[in-house]
Amino acid sequence: MTGAGLLLRFDLRRDRAKLPWWIFGTALLFLIQSTQSQNMYGDPRELAGLRETIGANTAVVAMSGPAQLLETIGGEVVFEIFGFAAIVVALMNMFLVGRYTRGDEETGRAELVLAARVGRRAPVGAALLLALLADVVTGALVFAVLAGTGLPVGGSLLVAAAITGLGLLFAALTALAAQVFEHARAVYGAVGLFLGAAWTARAAGDAADSGLVWVSPIGWGQRTLPYVADRWWPVLLLLVTAVLLVVAALALLDRRDLGDGLVRSRPGRPYASRALGSATGLAWRLQRGSLAGWVVGVALLGVAYGSIGDSIEQFVADNPEVTAYLPGGADRIVDAYLALTVTVGALLAAAFGVSAALRARAEETSGRAEPILATTTSRTAWLGSHLTVALAGSGLVLLAAGLGEGLAYGLTVGDPGQAFRMAGAALVYLPAVWAVVAVAVLGIGWAARAAAVAGWTALGYCAVVELFADSFDLPGWVQRASPFVHLPEAPLEAVTAPPLLIVTAVAAALTLAGLAGFRRRDVGY
Amino acid sequence: MAAISISGLVKRFGRTTALDGLDLTVGEGEVHGFLGPNGSGKTTTIRVLLGLLRSDAGSVRLLGGDPWKDAVALHGRLAYVPGDVTLWPGITGGEVIDLLGRLRGERHRARRDELLDRFDLDPSKKARAYSKGNRQKVALVAALASDAELLLLDEPTSGLDPLMEAEFQRCVRRVREEGRTILLSSHILAEVEALCDRVSIVRLGRTVESGTLAELRHLTRTSISVETVRPITGLSGVHDAVVDDRHARFDVDDTQLEPVMRQLAALGVRSLTSTPPTLEEMFLRHYGPGNGAADGTGNGDGR
Ligand SMILES: Nc1ncnc2c1ncn2[C@@H]1O[C@H](COP(=O)(O)OP(=O)(O)OP(=O)(O)O)[C@@H](O)[C@H]1O
Ligand SMILES: [Mg+2]
């Protein structure tokens, strides 16, 4: 472990721009959930109503957690947010530990470090120490946020401990996977797969109220039942497992060569398939993995939203004051709810679109655009290849949001036709999604260095206008710059063609302007 | 017609002037060495030739066309090996080679497989599993498998082992026999000496020397070591002379060779060895401060 302290300081420096976002993000999740839940269901009568409607809805229980949590308001907060926060914390630890172990080994940085007076175990040790630090700080912030918003101190401490324990378990698991696989991406793949499996096992276990939840560390975390039963022993389970995983990782580390893994990476194709024969083929190949991830993730979110659509109606019937939070008033409450949630899907589709368009920029700065542009691929064709993925892909993500939401809602109300209705409603937002992507394209063409900022700012701006315009009382002119504002709020409002065509035309004009700019500038800086 | 003709090329990046009136002429069918210290503007020149960068001044003709305006049409006739080969993680070397070939509208499976064999490259490895040398080989095989009339090679052998270097030289000779043109930027002088018909040396974004190796040598000094019958006295027109009775070692400017030889002949030459300047010495003089270009601060970076 010689040199671990020094490496820790070095890692901390390398991560100072990323880590705070993860930590504050996690704390923010709890802060928002705690204030929101206490506002909406602070009254025991409202909470009881929620227990009857939501608690009996299998789909919601599968998406959130055990219904026992709905006994108290604190438990309700944990019910809603813990499963999601667990994913965030797990990913934070995965990337953190993966980056400083296998990631560094793969790029050869570890070789440089280990050639100095540094022990074999030091890089892993430093990474785990950094994870410990991050998890403890995250826990402390979560505790401060929960207790600070008026929830009982004991339960808040338990939530914080469960989050910290869960983080440490995933840090240790990543350290182990880093010994097994040769490449950082394989490490992330394996840990990500485990995370997905853990989440699914918990969901299935909670839905069926079976012992299956005990297979999943996320299940252990939730079954501490904070604010309801305040059990501490599952936290111990998390910590002991983490320690065992670290011991296993160190044992493997001592037995292998630098750069080697237990599982060698599979060789790929020696010849390109037919699909990889054009710039567009390459762009799809590069982005298909992330597109699939977005489609599945957003579809699941749609399912989560759709599954409570029916309960919303009942819930609002019991608690009329909630209507204030939804557009369109009480009469068409479900459609208003569906419109609002599908907009969230549209914002996520735009997020995919922006990231897919910016991929072109990443290709350019990494020097990978150059060999392609040195062939008979024109600049328009090259940038167009990534735009195809961005525009068509964001359409797919949007469709997945609508289908998922419609399907789940349709199943709960016994009307499968809802799937098509919601898919159609979702696509109404496509012109606005494209307009946001077009801002990123315009940036790529005319102000390449500012392209990422332009794209993400446009998206963030639309998100603020869409989700918070009413609560912040933003003036009309501020809102009108958002393309979403000009589209009908499907399925709440009637859909007419002119606004769709106009927003599409604006998106097309911006995109073409971006392409024109790209044809005229230097490539590759 | 020249394959490449550049005159007075200027390229600025903000306040840095990367190319400052560069001239370069590469005849058809010739292997042209493109030399210069780090940061002297070789890569920038090649990127202008590829139409990736727009020139600020000067005229550039490539295969009879304008590299900026006719980029797509010209790219069908050339192949390129970048100096810094970055590949796509998760895509195998074989796939990259096929993709680049197809994007140029070519399919040469037999030649491709032969080259993979010669360069001892495993095409089924994912890009991130390749070493630096092997990444370089992927780009090389992709370029050498094509039948483009012009090859732009930017330090194509950096990172290759000596065996592969020899293989590369064999391939380049074959390309030359087929009458195709190569612009070869390189820091490996032995390679340049072995392969190039003509060379151009750039410094600080300007061409300081251009011609055949013989012509360039002409401008330099030859080292001579001689043993004479009579004791040596009063040699004129030589540099760094070390005289010891009947033995002498000195350098002589090639223009002064004849008078010096006459003096020696008068003394009765018993034995004489003459060593032409190594390319190394020649370039060190051109690269180094105070030579070639007007000003002299080592190299181009940090101006
Ligand atoms: N995109 C850019 N932005 C700013 N300066 C640049 C850029 N590209 C090149 N330069 C500068 O232009 C000059 C020439 O660089 P270039 O890469 O052409 O040199 P080179 O001769 O290829 O050097 P090397 O032998 O190291 O490859 C350098 O001073 C470099 O810093
Ligand atoms: Mg260079």
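These lines cover the structure that appears in this document, whether it is placed above or below. (Residues numbered from 1 in each chain as written. Chains lettered and ligands numbered in written order. Predicted model: local features only at pLDDT ≥ 70, side-chain atom pairs only at ≥ 80, totals over all residues. Heavy atoms only, no water.)

Digging into the overall build of chain B
Inference 1: Helix and strand counts for chain B come out as ten helices and 13 strands.
Inference 2: A principal-axis box enclosing the C-alpha atoms of chain B has dimensions of 75 × 45 × 35 Å.
Inference 3: Across chain B, the fraction of contacts at a sequence separation of at least 24, relative to all contacts at a separation of at least 6, is 68%.
Inference 4: Of the roughly 13100 Å² that chain B leaves accessible, carbon and sulfur atoms contribute 48%.
Inference 5: Here chain B contributes 39 positively and 42 negatively charged side chains, and the mean placements of these two sets differ by 4 Å. (Helix = DSSP H or I, 4+ residues; strand = E, 2+ residues; numbered from the N terminus. Contact = heavy atoms within 4.5 Å. Areas by Shrake-Rupley, 256 points an atom, 1.4 Å probe, with all protein chains shown as cover. Lys, Arg positive; Asp, Glu negative; His and termini not counted. Charge placed at Lys NZ, Arg CZ, Asp CG, Glu CD.)

Describing the pattern of salt bridges
Inference 1: Within the structure shown, the criterion is met by 31 salt bridges over all chains.
Inference 2: Of the charged contacts in the structure, one is a salt bridge between A:Asp206 and A:Arg223, with a shortest N-O distance of 2.1 Å. Within this pair, whereas A:Asp206 is found in helix α9 (residues 184–208), its partner A:Arg223 is found in the loop between α10 (217–222) and α11 (233–255), the two being separated by 17 residues in sequence.
Inference 3: Owing to a relative accessible area of 7%, A:Arg223 belongs among the buried residues under this scheme.
Inference 4: The partner of B:Asp66 in a salt bridge is B:Lys69, and the shortest N-O contact between them spans 3.6 Å.
Inference 5: For B:Lys69, a relative accessible area of 67% puts it in the exposed group. (Salt bridge = Lys/Arg side-chain N within 4 Å of Asp/Glu carboxyl O. Buried < 20%, exposed > 50% of the residue type's maximum accessible area, 1.4 Å probe, protein only.)

Considering the packing of helix α8 (residues 153–180) of chain A against α9(A)
Residues and elements named next belong to chain A.
Inference 1: Interhelical geometry of α8 versus α9 gives an angle of 140° and a closest axis separation of 9 Å. It follows from the interaxial angle that α8 and α9 lie oblique. Here α8 runs over α9; the crossing is right-handed. Residue-level contacts link Phe170, Leu173, Thr174, Ala177 and Ala178 of α8 to Val187, Val191, Phe194 and Leu195 of α9. (Axes fitted to C-alpha atoms, helices over the stretch in contact; angles between N-to-C directions. Parallel < 35°, antiparallel > 145°, perpendicular 65-115°, else oblique. Left-handed = near helix turned anticlockwise from the far one by under 90°.)

Describing the sheet that holds strand β2 (residues 16–27) of chain B
Residue and element names in this part refer to chain B.
Inference 1: With respect to topology, three strands assemble into an open sheet ordered β2-β1-β4, the strand pairing being antiparallel. Each edge of the open sheet is held by one strand with a lone partner, namely β2 and β4 (57–62). Neighbour-to-neighbour, the strand axes of this sheet turn through a mean angle of 15°, independent of strand direction.
Inference 2: As paired strands, strand β1 (residues 2–13) and β2 are joined by nine bridges and run antiparallel to one another. Bridge assignment links Leu9 to a residue of β2, and that residue is Leu22. (Pairing = 2+ DSSP bridges.)

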